[in-house]
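Observations on chain architecture
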Amino acid sequence: MRTTVGIIGAGPAGLLLARLLHNVGIDSVVLESRDRAYVERRQRAGILEQGTVDVLREAGAGERMDREGLRHDGIELRFAKRRHRVDFPALTGGRSVMVYAQTEVCKDLIALQLEEGGPLLFEAEALAVEGADTEHPRVRFRHEGVEDVLECDYVVGCDGFWGVARRAVPDGRTFERTYPFGWLGVLADVAPSHDELVYARHDRGFALLSMRSPSVSRLYLQVPEGTDAEAWSDEEIWAELERRFETDDDWTLRRGPITQKSVTPMRSYVHEPMRHGRLFLAGDAAHIVPPTGAKGLNLAVGDVVTFARALAHRTRTGSDELIDAYSATCLRRVWQAERFSYDMTTLLHRAPDATSFDDRLQVARLDRIAGSRAAETDLAEAYTGFPIG
């Protein structure tokens with residue numbers, strides 16, 4: 001089997017890349033180790049930056065998003081029982097974000113790829129990337145019990161931190177930070193208690209009120225690293241959420257049946273460079289951010305847009321200039337997102353060894369955002385998204 005671009009991984013990054021390449025007449029093959037049902041139910045991010053929304057629309061994948069997604073024009077910061085709303089359009093010249101789950105993005109892109117695009121092979125396990133430093137790299141994979149080889153001009157690894165693409169890069173530097181806490185996340189069959197996301201800083205730890213739809217709430221609690229989700233009863237979860245979201249006014253938290261519980265570890269990670277020969281890393285294969293800044297999926301989108309633009313430029317002009325700049329171009333955006341995600345994490349989470357001094361500093365930082373248009377604008381610009389490319 002032969003193609004121009006071999007794409008490993010059918011998450012939102014790999015699927016979007018295939019769509020972008022199709023739209024400019026460049027062929028690709030997508031290899032995904034899991035089956036279609038797994039990919040379409042895999043719960044991940046739910047916040048799309050303005051730039052991601054624009055890219056999906058331009059790619060022809062925005063119809064259902066615009067119909068069913070929830071546009072949000074701000075977030076609420078909650079601390080010391082006070083509430084402060086950050087108005088995105090007023091601070092960013094009209095930008096906003098969209099609540100639309102990664103599972104839905106994948107469903108939309110899978111449908112388009114199967115209807116209009118090149119081969120998308122589910123249950124096709126990539127075994128190795130070979131010859132990345134040659135002009136014709138290869139991906140060895142197993143599909144339907146048979147080993148095969150995909151011959152390519154380029155390989156893009158969108159297969160996550162544990163995938164074969166990252167392991168095929170022989171050198172480079174890694175930068176990493178782990179956090180001594182995680183997020184206990186729940187899905188609940190109850191209408192969200194607020195019409196925008198609520199980020200709460202509390203002496204007992206961080207909490208986040210989010211949503212998946214007008215009838216399904218997504219909520220998170222900061223918990224110690226290594227926590228077992230099943231160790232928390234539903235009653236304990238709701239009681240702790242009520243404590244951390246408490247305000248001085250009459251706001252109340254709606255309760256409902258909890259349908260899913262899981263714990264997400266918190267870490268920051270960057271691999272430099274994001275390229276080896278004709279192998280390019282994208283998304284979690286190259287970088288991971290704590291979810292506080294809602295940047296993971298959006299960074300992956302920025303990577304594949306950068307690659308697609310660079311390859312289209314090469315096709316038109318014969319110049320490798322943008323291809324050669326891929327890693328440096330992506331990393332500028334990656335490090336800004338890492339910085340913002342770290343800032344949001346340390347602003348809102350309470351470290352296990354935090355002192356009263358640390359507590360007062362956090363409140364002072366939040367007071368600064370609430371009282372300074374400049375500080376508030378910096379948050380709003382970062383949250384709604386850094387420029388792509």
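See the structure above.
Residues numbered from 1 in each chain as written. Predicted model: local features only at pLDDT ≥ 70, side-chain atom pairs only at ≥ 80, totals over all residues. Heavy atoms only, no water.

**Looking at the layout of surface pockets**
Of the voids in this model, the second largest pocket is the one considered here, and its volume is about 330 Å³. Around the second largest pocket, the lining is made up of 18 residues, and of these T346, H349, A351, D358 and Q362 lie nearest the centre. When residues of the lining of the second largest pocket are traced back to their parent elements, those giving at least two are β13 (173-188), α11 (326-348) and α12 (356-371). Here the residues of the lining of the second largest pocket are counted per class, giving 7 nonpolar, 5 polar and 6 charged. (1 Å grid on protein atoms, 1.4 Å probe; cavity = no way out; pocket = protein on both sides within 12 Å on 5 of 7 lines; lining within 4 Å. Points joined across faces, edges and corners; volume = space filled by probe spheres on them. Helix = DSSP H or I, 4+ residues; strand = E, 2+ residues; numbered from the N terminus. Nonpolar A, V, L, I, M, F, W, Y, C, P; charged D, E, K, R; others polar.)

**Quick word on the environment of E104**
The topology assignment puts E104 in helix α6 (residues 102-116). With relative accessibility at 18%, the residue E104 sits in the buried group. Distance in space between the C-alpha atoms of E104 and G51 is 17 Å, their sequence separation being 53 residues. Within polar-contact distance, the side chain of E104 engages the side chain of R64 at 2.9 Å. (Buried < 20%, exposed > 50% of the residue type's maximum accessible area, 1.4 Å probe, protein only. Polar contact = N/O pair within 3.5 Å; in protein donor to acceptor, adjacent residues only side chain to side chain.)

**Some details on the pairing of strand β15 (residues 207-213)**
Of all 7 residues that make up β15, 6 are buried, and the element is covered over most of its length. Where strand β14 (residues 197-201) folds back onto β15 in an antiparallel hairpin, the turn is made up of 5 residues, including G205, whose phi is positive at roughly 130°. Two elements, β15 and strand β16 (residues 216-224), share 6 bridges in a ladder whose sense is antiparallel. Its bridge partner lying in β16, M211 is registered against S217. (Pairing = 2+ DSSP bridges.)

By themselves, these observations are geometric and do not establish any function.
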